[in-house]
Amino acid sequence: SEKKIYLAVDLGGGSGRVLAGEFDGQRIELHELNRFENRPLELPDGRHWNLTGIYLDILDGLKAAAKKYGKQPISVGIDTWGVDYSLLDKDGHLLGLPFQYRDPRTDGMMDKAFSIIPKKEVYEATGIQFMAFNSAFQLLSEVERNSPALAAAEDILFTPDLLGYWLTGNKTHERSIASTSQLYNPNTENWDYSLIERLGLPKRLFKEISDAGDTLGELRPGLKQHTGLKKLKVITVGGHDTASAVAAVPSQKATPAYLSSGTWSLMGLELPKPIISEQSFQDAFTNEIGVNGSVRFLKNICGLWLIQESRRYWLDHGHDYSYADMAGLASKVEPFRSLVDPDDPRFTEAGRMPEKIQDFCRETKQQVPETPGETIRCIYESLALRYAEVWAKLPNYTDEAPDCLHIVGGGCQDKLLNQFTANALGTKVLAGPVEATGLGNIIAQMMADGVITTLAEGRKIVANSFPITTYEPTDTAAWDAVKERFAQLSS
Ligand code: LRH
């Protein structure tokens, strides 16, 4: 019988891709139709996303789909990084290029927000970990500077919603991406209008929320012509990339433990209901919404951003290291020479990464990493130790204490980091699939198409379709011995 073809647009902070998933009734095979860099735009007014360029890259991917599959593709879904949004006027015109979450316009905005509404209350309403770049604080910065765009706006569309609008002409807020805003209440399952009003944000922007699996619309007629696709449904999927990644975690457990590894490391549990408690507040856990109504109870950890930015720095200084080169250099360095707190705020901003790591080590009276190998080893070990800290807290939030960690996403190709993670956790690590985000995007479309009915079925198909590599912990005593030293760094 004919295969069913689903298309996935998956945009990460560093790169984007358009994928085709071919489903033969048992297994999914993935094909890459287009892959492109997502390069930040530095303009006089700040850091933006080049979304119109990305839109053209997406159309190129759709063209490639038409060429490869003719009339076959059933639908497409779009997922992107979280929190960023675009403002549109009453006629659907874009009011300026969207800002990037790493733009410093949010400096001081959390404190400003907490002077209006106590921190604890914001957490009780949203269950979201406080990150300076959450949409709530980006929007507050627009209020503070009397942004003309905000005054003229009739709609706010998060990145996957904006691209969906450009493809179909229809606007929506998809739930998983809405939940990254820190304006969504996971208990009432709606926008928190009281929070929105108290922050002085225009209530009119926040409209009806749709769910993964809903149909957004058909590809606009002009785009059918342009791409050569005769028909194509656009489905709202887990629009937040992390929601899509978690949807494809190849586990059959009720509350699987995962690490979605890319620019960020998102580590946590999938839970049936939000947990917003004194303890989750103290531990700073987030409750984002998953596909199929689940809750992604997780922590944002600064992830491979540390590596990506170091690589970019060395490239600017004339050295082009591949990821394999970097792992090779790191493996030759003596263990636990220098450690950093990966979540130290200085690392969030772009630039000077190896120098900032040196500064941190100097200030904390450690050996200062001088070579790329020493720097990379420091990053890997520090990340693994941070994962272990978060891991240790997870059993407090589930009856089914996790006995293995699934690492999914691009970062799971990093064998040395996988092994370090198993060692630091003292637990088995299962690595794969690499393209979990694209697969979770496709699973939501398969549910919309009626070929599967539950997430569990989708996960089984993923597990049957892609290799998973197991890492058993080794050397755990040596890792346990540095945990105290590491804990001192993050106070
Ligand atoms: C990962 C991610 C993460 C968000 C961050 C802004 O790509 O979506 O879940 O917190 O980007």
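In the nomenclature of an unreviewed UniProt entry, the protein chain corresponds to Rhamnulokinase family protein from the organism Coraliomargarita algicola.

Some words on the sheet that holds strand β15 (residues 257-261)
Taken in spatial order, the seven strands make up an open sheet running β17-β18-β16-β15-β19-β20-β21, and their pairing is mixed. Two strands close off the open sheet at either side, each with one partner strand: β17 (286-289) and β21 (469-471). Strand after strand, the sheet turns through a mean of 30° between neighbouring axes, direction not considered. As paired elements, β15 and strand β16 (residues 264-271) share five bridges and run antiparallel to each other. For A257, the partnering residue across the bridge sits in β16 and is L269.

Examining unusual backbone geometry
In this chain, G432 is followed by P433 through a cis amide linkage whose omega measures 0°. Secondary-structure assignment places P433 in the loop between β20 (428-431) and α17 (436-449). Of note in the backbone geometry, Q182 takes a positive phi value of approximately 65° without being a glycine. If you trace the backbone, Q182 turns up in the loop between α7 (175-178) and β10 (184-185). The phi dihedral of D475 falls on the positive side, at around 60°, and the residue is not glycine. Mapped onto the elements of the fold, D475 is located in the loop between β21 and α19 (476-489).

Looking at the site of the ligand
Every one of the 14 residues lining the ligand counts as a neighbour, but W81, G82, D241, T242 and W264 are closest to it. Listed by contribution, the elements that provide at least two residues to the shell around the ligand are α10 (241-247) and β16.

Examining the environment of L229
Mapped onto the elements, L229 comes out in the loop between α9 (221-227) and β14 (233-235). For L229, a count of 22 C-beta atoms within 10 Å translates into the label buried. Sequence-wise, L229 and K63 are 166 residues apart; in three dimensions their C-alpha atoms are separated by 7.3 Å. Aside from chain neighbours lying at most four places away, what touches L229 is L62, A65, A66, P73, L219 and K224.

Let's talk about helix α18 (residues 455-465)
Residues of α18 that are buried include every one of L455, G458, R459, I461 and V462, and no others. The buried residues of α18 occupy one face: seen down the axis, they fall within an arc of 160°. As for α18, its buried residues are in contact with β3 (28-37), α10 and α17.

Details of the environment of F466
For F466, the location among the structural elements is in the loop between α18 and β21. Residue classification places F466 among the buried positions, given that 20 C-beta atoms sit within 10 Å. Each C-alpha atom of the pair F466 and R27 lies 8.9 Å from the other, and the pair is 439 residues apart in sequence. The contacts of F466, once residues within four sequence positions are left out, are G432 and P433.

Examining the UniProt feature "domain: Carbohydrate kinase FGGY N-terminal" (unreviewed entry) in the protein chain
The UniProt feature table records "domain: Carbohydrate kinase FGGY N-terminal" (unreviewed entry) at residues 5-246. Each end of residues 5-246 is marked by a C-alpha atom, and these two atoms are 21 Å apart; helix forms 34% of the span and strand 25%.

Rules of the game
- Residues numbered from 1 in each chain as written.
- Predicted model: local features only at pLDDT ≥ 70, side-chain atom pairs only at ≥ 80, totals over all residues.
- Pairing = 2+ DSSP bridges.
- Helix = DSSP H or I, 4+ residues; strand = E, 2+ residues; numbered from the N terminus.
- Axes fitted to C-alpha atoms, helices over the stretch in contact; angles between N-to-C directions.
- Near = placed C-beta within 6 Å.
- Buried ≥ 20, exposed ≤ 12 C-beta atoms within 10 Å, placed from the backbone.
- Contact = placed C-beta atoms within 7 Å.
- Arc of directions from axis to C-beta.
- UniProt positions renumbered as here; feature names shortened; annotations may be inferred.

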